[in-house]
Amino acid sequence: MARLTSDFWVSAYLRQAAHDGLVAVLRRRGSPEAGAIFVKLDRLDGTAALYGPAPQSMAADDGVRRFQLILDSDPGSIEERVERERRFDSDLWLVEIENRQGDPRLDLAAE
């Protein structure tokens, strides 16, 4: 099954977050068709988490984008990791969401 393009998925994610009363912003626009999507979760308590694309081996063949936790740390460490990812892949997308409950609102791959 074909997956949604990155720009369509990000647009839907941002709209759903707004509908749910959460603050979510697009911090970096990547390749519209297939750019890797990273989501920074800010818990607003001095901690944050970074989610990135799950490896294909962990993803089901149902067309749903799956994510995995990359780093759970302080916001500064998350920003450093994002910068390293950006240097590796200049086409990546970065979305930041604020949620005190710590729910990134993502489909996570089973470990």
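Please refer to the structure placed before this passage.
Okay, so let's go over this structure.

Rules behind the numbers
- Residues numbered from 1 in each chain as written.
- Predicted model: local features only at pLDDT ≥ 70, side-chain atom pairs only at ≥ 80, totals over all residues.
- Heavy atoms only, no water.
- Helix = DSSP H or I, 4+ residues; strand = E, 2+ residues; numbered from the N terminus.
- Contact = heavy atoms within 4.5 Å.
- Phe/Tyr/Trp six-rings, centres within 6.5 Å; stacked < 30°, edge-to-face > 60°.
- Buried < 20%, exposed > 50% of the residue type's maximum accessible area, 1.4 Å probe, protein only.
- Salt bridge = Lys/Arg side-chain N within 4 Å of Asp/Glu carboxyl O.

Once that is clear, we can look at the environment of glutamate 85. Inspection of the secondary structure puts glutamate 85 in helix H2 (residues 75-88). As for glutamate 85 and phenylalanine 38, which are separated by 47 residues in sequence, their C-alpha atoms are 9.3 Å apart. Aside from chain neighbours lying at most four places away, what touches glutamate 85 is Phe38 and Leu92.

Attention shifts here to the packing of aromatic side chains. Taken as a whole and judged by the stated rule, the model has two aromatic pairs. Residues tryptophan 9 and tyrosine 13 carry aromatic rings whose centres are separated by 5.0 Å and whose planes lie at 15 degrees to one another, so their mutual orientation is stacked. Of the two residues, tryptophan 9 and tyrosine 13 are both situated in helix H1 (residues 6-19); the distance of four residues between them amounts to about one turn of the helix. You'll find tryptophan 9 and tyrosine 13 in the same group, each marked buried. With 5.3 Å between their ring centres and 40 degrees between their planes, tryptophan 9 and phenylalanine 67 make a pair best called tilted. With tryptophan 9 in helix H1 and phenylalanine 67 in strand E4 (residues 67-73), the pair connects residues that are 58 residues apart, well separated along the chain. One exposure class covers both tryptophan 9 and phenylalanine 67, and it is buried. Following the ring pairs from residue to residue traces out a cluster consisting of Trp9, Tyr13 and Phe67.

Now for the pattern of salt bridges. Here the structure, examined in full by the defined rule, presents ten salt bridges. A salt bridge links glutamate 83 to arginine 86, with the nearest nitrogen and oxygen atoms 2.5 Å apart. Remark: arginine 86 and glutamate 83 occur in helix H2; sequence separation between them is three residues, near one turn of the helix. The class for glutamate 83 is partly exposed, based on a relative accessible area of 31%. Judged by its relative accessible area of 29%, arginine 86 is partly exposed. Note that glutamate 83 and arginine 87 form a salt bridge whose closest N and O atoms lie 3.8 Å from each other.

Okay, unusual backbone geometry next. Located in the positive-phi region is leucine 44, a residue other than glycine, with phi close to 65 degrees. Topologically, leucine 44 is positioned in the loop between strand E2 (37-42) and strand E3 (48-53). Since its relative accessible area comes to 37%, leucine 44 is described here as partly exposed. One non-glycine residue, arginine 105, adopts positive backbone phi at about 60 degrees. Tracing the backbone shows arginine 105 in the segment after strand E5 (93-98).

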